[in-house]
Amino acid sequence: MRRWALPWTPAACRLARTAVRDALPRWSLGELVPAAELLVSELVCNALRHGASPLRLTLERVPDLRCSVSDGSSKPPRPAAGPEDEGGRGLALVDMLAARWGCERGLPAGKTVWFELHAEADTPVPGARECPDRENAPERDGGVPDGLGTSKGDWKSEAA
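Residues numbered from 1 in each chain as written. Predicted model: local features only at pLDDT ≥ 70, side-chain atom pairs only at ≥ 80, totals over all residues. Heavy atoms only, no water.

Visitor: Report on the overall build of the protein, specifying residues and quantitative values.
Guide: The helix and strand inventory of the protein stands at three helices and five strands. Counted from the first residue to the last, the protein has its helices and strands arranged as β-α-α-β-β-α-β-β. Looking at the protein as a whole, 43% of its 160 residues qualify as buried. For the protein, the share of sequence-separated contacts (at least 6 apart) that also reach a separation of at least 24 residues comes to 60%. (Helix = DSSP H or I, 4+ residues; strand = E, 2+ residues; numbered from the N terminus. Buried < 20%, exposed > 50% of the residue type's maximum accessible area, 1.4 Å probe, protein only. Contact = heavy atoms within 4.5 Å.)

Visitor: Describe the sheet that holds strand β1 (residues 2-6), with residues and values.
Guide: Strand order in the open sheet formed by five strands is β1-β2-β3-β5-β4, and the pairing between neighbours is antiparallel. Edge positions in the sheet fall to β1 and β4 (100-105), since each has one partner strand and no second. Adjacent strand axes in the sheet meet at a mean angle of 15 degrees when their direction is disregarded. Inspection of the sheet shows strand β3 (residues 65-71) paired to strand β5 (residues 111-117) by seven bridges, in the antiparallel sense. Considered in β5, the bridge of Asp 71 is made with Lys 111. (Pairing = 2+ DSSP bridges. Axes fitted to C-alpha atoms, helices over the stretch in contact; angles between N-to-C directions.)

Visitor: Help me get a handle on the pattern of salt bridges, residues and values and all.
Guide: Inspection of every chain in the model, using the stated rule, returns five salt bridges. Between Arg 66 and Glu 116 there is a salt bridge whose closest N-O contact spans 3.6 Å. Here Arg 66 is found in strand β3, whereas its partner Glu 116 is found in strand β5, with 50 residues between them in sequence. Neither residue differs from the other here; Arg 66 and Glu 116 are each classed as buried. Asp 71 is paired through a salt bridge with Lys 111; the nearest N and O atoms lie 2.9 Å apart. Here Lys 111 lies in strand β5 and Asp 71 lies in strand β3, a separation of 40 residues in the sequence. When its relative accessible area of 4% is taken as the criterion, Asp 71 is described as buried. For Lys 111, a relative accessible area of 7% puts it in the buried group. Here the salt bridges share partners, and the residues they tie into one network are Arg 66, Arg 100, Glu 104 and Glu 116. (Salt bridge = Lys/Arg side-chain N within 4 Å of Asp/Glu carboxyl O.)

Next comes the structure, spelled out in structure tokens:
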């Protein structure tokens with residue numbers, strides 16, 4: 001696992017992409033770099049536009065790749081683009097390209113938006129579990145249209 005504190009400036013997007021380009025080939029996940037760079041840029045940009053400081057990036061090998069962007073706002077991300085809007089499609093890209101993605105509430109405050117990408121070859125990582133935080137993941141609730149809330153008004157941790 002690798003973690004970075006990112007500055008609360010537009011340079012954070014570039015720094016996050018650089019972190020992805022540096023870390024993934026070392027983990028034999030070089031084929032995931034283009035998609036991971038795009039998606040991590042979207043999440044960092046969303047955090048800068050709609051979140052609050054501090055901003056952090058975490059990359060994990062679980063068993064392929066999990067990228068997490070954390071910020072200080074507890075407001076969950078909301079896909080908001082209409083058919084005529086010029087922007088607002090970042091989460092749609094995440095949804096299309098990621099194997100899984102979701103949002104988790106931070107304690108005591110903040111949130112983490114994450115996505116997972118899977119490599120073409122199924123290369124097991126010694127000692128890795130299928131989902132490292134399965135015990136703490138909230139239950140899925142299929143009755144919520146936006147995929148991020150539950151009937152109790154709390155957040156879901158996974159959208160796919």
